[in-house]
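# Examining the three-dimensional arrangement
Each chain is listed here by its residues.
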Amino acid sequence: MTTEELLFELVISSLGALRVPNIPEEFKAFKGPMVHTGAWDSSTKWEDKIVAVIGSGSSAIQIIPELASKAKELHSYQRKPAWVMPRRQFKFPKLVQNVFAYVPLIMLLYRWFIFMAHEFFYPAFLHATRLGRLSTWYSKRHTKKQIPNDDKLREDLTPDYRLGCKRIIVSNKYFPAMQLSNVKLHRDPIIQVKSHSLVTTNGEQNVEVLILGTGFRVQDFFAPMKIIGKNDVLKAWKTFKPISYLGITTSVSPNQFILLGPNTVFST
């Protein structure tokens, strides 16, 4: 292995935040196949297996419908349910595609429309606003529409915190998958991970394949690299707290510029 030292006057860090999987230590006791959603191993076989999915965030909600369609059993371990909105999925007609391709500025106007629509949605994160209350009602309506006959499951999959406190999920497949006969929801805390099973306060479940939707180490910004400015940047931030100017630069390394820096999109 060869190494090379390069010197620069300015460094721009654009590593991204959702890239280093967070794997809690206790799950390393599991001896069967184990995969994190952020480092997927396509060779892992889950067909006709007893599969456990840890987590109920955006990654877990995307893979549960796919896994449930082929797994012998799927056990979803959920700490907190997510607010789920319907996905407005559609295909642009050929006429619209031609308009985008040949009419000047239409694509730009459509892009501006999408941007402003998301900006308009911001008040939904403020519970006291009409849009906040309307968005909460709309999500509950989606849940009721997709889970019409199981009051207990619907209650277990409805958050008890305000909309916007965690990432809002967009899905039309998650709730139907959770009602399949081979799918079971677990809300009790996991108290022990064994070589081939998970133990909760409500009992023990054998598991053949373990899928971790346990998020990413967004607090490790540059890992596995070490960035040295006036001193070790990450060590300084962990000793005190991450402080930056507009989330872009920091006094610890004033000639380094960071995309998705401290206290920006993930509020780290």
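Residues numbered from 1 in each chain as written. Predicted model: local features only at pLDDT ≥ 70, side-chain atom pairs only at ≥ 80, totals over all residues. Heavy atoms only, no water.

What follows is about the sheet that holds strand β11 (residues 209–212). Here we have five strands laid out as an open sheet, ordered β2-β11-β3-β4-β7, and parallel in their pairing. Of all strands in the sheet, those bounded by a partner on one side alone are β2 (34–36) and β7 (183–186). Put simply, the sheet's adjacent strands are angled 20° from each other on average, direction ignored. Relative to strand β4 (residues 73–77), strand β3 (residues 50–54) is paired through five bridges, and the arrangement is parallel. What sits directly across from A52, in β4, is H75. Across the sheet, helix α1 (residues 58–68) lies against β3, β4, β7 and β11, angled at about 170° from β3, the strand it touches most. (Pairing = 2+ DSSP bridges. Helix = DSSP H or I, 4+ residues; strand = E, 2+ residues; numbered from the N terminus. Axes fitted to C-alpha atoms, helices over the stretch in contact; angles between N-to-C directions. Contact = heavy atoms within 4.5 Å.)

Right, let's talk about the pairing of β3 for a bit. In terms of burial, β3 is a largely internal element, five of the five residues being buried. Neither face of β3 is left uncovered, since the one carrying I50, A52 and I54 and the one carrying V51 and V53 both have all their residues buried. Of the crossover connections in this fold, the one passing from β3 over α1 to the parallel β4 is right-handed. (Buried < 20%, exposed > 50% of the residue type's maximum accessible area, 1.4 Å probe, protein only. Right-handed = clockwise from strand over helix to strand, strands pointing away.)

Turning to the pattern of salt bridges, a few remarks are in order. With the rule as written, the count across this model stands at seven salt bridges. In this structure, D156 engages R187 in a salt bridge whose closest nitrogen and oxygen atoms are separated by 3.4 Å. Here the residue D156 occupies a position in helix α5 (residues 151–156), and R187 occupies one in the loop between β7 and β8 (190–193), the gap between them amounting to 31 residues. Each of K152, D156 and R187 takes part in a single network of salt bridges with overlapping partners. (Salt bridge = Lys/Arg side-chain N within 4 Å of Asp/Glu carboxyl O.)

Time to look at the pairing of strand β9 (residues 197–200). Residues S197 and V199 of β9 are buried on one face, and the alternating residues L198 and T200, pointing to the opposite face, are buried as well. Inspection of the sheet shows β8 paired to β9 by three bridges, in the antiparallel sense. Looking at the pairing, V193 lines up with L198 of β9. Connecting β8 to the antiparallel partner β9 that follows it, the hairpin turn spans three residues. Of the strand pairs in this sheet, β9 and strand β10 (residues 203–206) are connected by four bridges, and their pairing is antiparallel. Paired with L198 across the bridge in β10 is Q205. Hairpin geometry of β9 and β10 is characterised by an intervening segment of two residues between the two adjacent antiparallel strands.

Another point: the packing of aromatic side chains. Taken as a whole, this structure holds seven aromatic pairs when the rule is applied. Where W40 meets W46, the ring centres are 6.1 Å apart and the plane angle is 70°; that geometry is what we call edge-to-face. Here W46 falls in the buried class, since its relative accessible area comes to 16%. Judged by centre distance (5.5 Å) and plane angle (45°), the rings of Y174 and F175 are tilted. Taken together, the ring pairs in this structure connect F90, F92, F100, Y110 and F113 into an aromatic cluster. (Phe/Tyr/Trp six-rings, centres within 6.5 Å; stacked < 30°, edge-to-face > 60°.)

To continue, consider the nonpolar core. Ranked by internal contacts, the top residues of the largest apolar core, which has 31 residues, are V51, V53, L67, L157, Y174, M178 and I211. Mapped onto this core, the elements with two or more residues apiece are β3, α1, β5 (84–85), α6 (174–178), β7 and β11. The biggest single contributor to this core is α1, with six residues. For I211, the contacting residues outside a window of four places in its chain are V35, T37, W40, V51, A52, V53, I54, I63 and L67. Of all hydrophobic cores here, the second largest spans 10 residues; its members include F27, I54, L198 and L212. (Core = buried A, V, L, I, M, F, W, Y, C linked by side-chain atoms within 4.5 Å.)

The subject of this paragraph is the side chain of H142. Assignment of secondary structure puts H142 in helix α4 (residues 130–146). Classification of H142 as buried rests on a relative accessible area of 7%. Apart from residues lying up to four places away in sequence, H142 is in contact with V84, M85, P86, S171, N172 and F175.

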